[in-house]
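Coordinate inspection notes
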Amino acid sequence: MADRVTVIGWDGSPLTAAARSALGAATLVAGAAHHLALPEVPPGAERIRLGSVALAARRIAGHRGSAVVLADGDPGFFGVVRTLRAPEFGLEVEVVPGVSSVATAFARAGMPWDDAQVVVAHRRTLRRAVNVCRAHTKVAVLTSPGAGPAELGLLLDGVHRTFVICEELGTDREQITVVTSDKAADHTWRDPNLVIVIGGTAGPAGEDSGWIAGRAPGTAPRGWALPAEAYGGDLGEGEGELLRAAQLARLGPRVGDLVWDIGCGSGAFATEAARAGAAVIAVDRDLSACARTEATARGFGVQLQTVRGNAPHILENLPEPDVVRVGGGGAAVVSAVADRRPQRIVTHAATRDAAELVGRDLTEHGYRVECALVQSVELDTRAWTETERSVAFLLSGLLPDRTA
């Protein structure tokens, strides 16, 4: 095992005395090509071009001497330190951090970033990064080849955002460009780059802001599946709070997900899914339902996209969902949704026959189906008399080969 392992973050500024001292004593240096070209790298040191951090860690673990790993920015923030400290390598590391590229990007933009989400976009995680950009008003995206500004812009189709694109930060070729998301694909961007994605309508800051990084809890009422009064009253069929609570529990929307809410009605379900941090596309054929859903979301300070049209045809050009609530349209819409293979689908039916029809179709699509009869009775607690009763069959489908 190496006698000493030092990880140095480099942000383009002159190296600190601690960094120069560690480099001067190094017998092995790992880093990207521009790191290994630094004049402070000892000419006699073994050099490893850093591609796979895990492979480099194995080489370092077997090295006898002092090793240095050079990385851009703060190597402890979405950087190499996590891999180097993995138990299988047994490495104890010292870290000399630089300024992270995220901090540098927001400094160039003259913006605070304690309220920003920070995501990493690789080809395998690009869709989830895009969903975070849909759901939040300020996101820093650490990009990679094939998952850069152009790809972000293309996948945000239908959602307006402003991009602050920071290319080659800390170098002589540094460039900061501001474009709208729909124009990002018209350019060729140099790697490495970072994108600040801004847009949407932020909710009221309230007293909860300024104490936690990312999106603060805000001033929305506590609880989930809030009563009709929280959404302007007069909720539609299938939007009752207990049925809505069961639907939310079955779907489990979370950060990085894209939720479809088909037949969004008042926007109660769509808004609560957005409150959980998910990106939401709310679909309804009624213009007034779309407008009400947008107003509900604004009232709770969350982001969502509404699409007006008739399902299932309107669904053809929507981006791939993770979970779907079908609030209207029946078996035909459920079948069309199942064709898109989301991980989970939830819907309801008024009769057992209708529930069986939907359940059989989900089963034929490969879903594991559960069905429960949900009955709620509201009582006037002044006289303990029944005021309202509702009954519905709750159906949920889980795709076994998509368990993430």
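Described below are features of the structure shown in this document.

Parameters and conventions
- Residues numbered from 1 in each chain as written.
- Predicted model: local features only at pLDDT ≥ 70, side-chain atom pairs only at ≥ 80, totals over all residues.
- Heavy atoms only, no water.
- Buried < 20%, exposed > 50% of the residue type's maximum accessible area, 1.4 Å probe, protein only.
- Helix = DSSP H or I, 4+ residues; strand = E, 2+ residues; numbered from the N terminus.
- Arc of directions from axis to C-beta.
- Contact = heavy atoms within 4.5 Å.
- Pairing = 2+ DSSP bridges.
- Axes fitted to C-alpha atoms, helices over the stretch in contact; angles between N-to-C directions.
- Patch = residues over 30% accessible without salt bridge, like charges linked within 9 Å, V, L, I, M, F, W, Y side chains within 5 Å.
- Areas by Shrake-Rupley, 256 points an atom, 1.4 Å probe, with all protein chains shown as cover.
- Salt bridge = Lys/Arg side-chain N within 4 Å of Asp/Glu carboxyl O.
- Lys, Arg positive; Asp, Glu negative; His and termini not counted.
- Polar contact = N/O pair within 3.5 Å; in protein donor to acceptor, adjacent residues only side chain to side chain.
- Right-handed = clockwise from strand over helix to strand, strands pointing away.

So, on to helix α3 (residues 53-61). Buried within α3 we find Val-53, Ala-56, Ala-57 and Ile-60. Along the long axis of α3, the arc covered by the buried residues comes to 105°, so they all point the same way. In α3, the exposed residues that point more than 90 degrees away from the buried face are Leu-55 and Arg-58. Elements in contact with the buried residues of α3: β1 (4-10), β2 (28-31), β3 (46-49), β4 (66-72) and α4 (81-84).

Looking at the element boundaries, Ser-100 is found in the loop between β5 (93-96) and α5 (101-109). Remark: the alpha-carbon pair of Ser-100 and Asp-74, spanning 26 residues in sequence, is separated by 4.5 Å. With sequence-adjacent residues up to four places away left out, Ser-100 is seen in contact with Gly-73, Asp-74 and Phe-77.

The next point concerns the sheet that holds strand β7 (residues 138-142). The strand order across the open sheet built from five strands is β6-β7-β10-β8-β9, with neighbouring strands paired in mixed fashion. The strands lining the two open edges of the sheet, one partner per strand, are β6 (117-120) and β9 (175-180). If you compare each strand with its neighbour and ignore which way they point, the axes differ by 20° on average. Where strand β8 (residues 162-167) lies against strand β10 (residues 193-198), six bridges are found, and the strand directions are antiparallel. Paired with Cys-166 across the strands is Leu-194, a residue of β10. Together, β6, β7, β8, β9 and β10 form the strand contacts of α5, whose direction differs from that of β10 by roughly 55°. Sheet strands touched by helix α6 (residues 126-135): β6, β7 and β10. Its angle to β6, the strand with the most contacts, is close to 165°.

Taken together, the side chains of Val-377, Leu-379 and Trp-384 present a nonpolar region at the surface, about 320 Å² in accessible area. Within the secondary structure, Val-377 is located in strand β16 (residues 368-380). The exposure class assigned to Val-377 is partly exposed, which follows from its relative accessible area of 35%.

Its location among the elements puts Asp-361 in helix α12 (residues 352-364). Lacking a salt bridge, the buried Asp-361 has Arg-341 as its closest oppositely charged neighbour, with an N-O distance of 8.9 Å. Looking at Asp-361, its side chain comes within polar contact range of the side chain of Ser-335, at 3.4 Å.

What follows covers the environment of Ile-281. Examined against the element boundaries, Ile-281 turns out to sit in strand β12 (residues 279-284). Residue classification places Ile-281 among the buried positions, given a relative accessible area of 1%. Placed 19 residues apart in sequence, Ile-281 and Ile-262 show a C-alpha to C-alpha distance of 8.4 Å.

Another aspect to go through is the pairing of β7. Within β7, five of the five residues are buried, which leaves it mostly tucked inside the rest of the structure. Because side chains alternate across β7, one face comprises the buried residues Lys-138, Ala-140 and Leu-142, and the other comprises Val-139 and Val-141, equally buried. As paired elements, β6 and β7 share four bridges and run parallel to each other. The partner of Gln-117 across the bridge, within β7, is Val-139. After leaving β6, the chain enters α6 and then returns to the sheet as β7, a path that is right-handed. Bridge count for β7 against β10 is five bridges, and the pairing is antiparallel. What sits directly across from Ala-140, in β10, is Ile-196.

Moving on to the pattern of salt bridges. Taken as a whole and assessed by the stated rule, the structure comprises 16 salt bridges. Ionic pairing is found between Glu-92 and Arg-85, a salt bridge with its closest N-O pair at 3.7 Å. Judged by relative accessible area, Glu-92 falls into the exposed class, the value being 63%. With a closest N to O distance of 2.4 Å, Glu-168 and Arg-190 form a salt bridge. Residue Glu-168 is found in the loop between β8 and β9, and its partner Arg-190 is found in the loop between β9 and β10; the two are separated by 22 residues along the sequence. Here the salt bridges do not stand alone but share partners, grouping Arg-128, Arg-254 and Asp-257 into one network.

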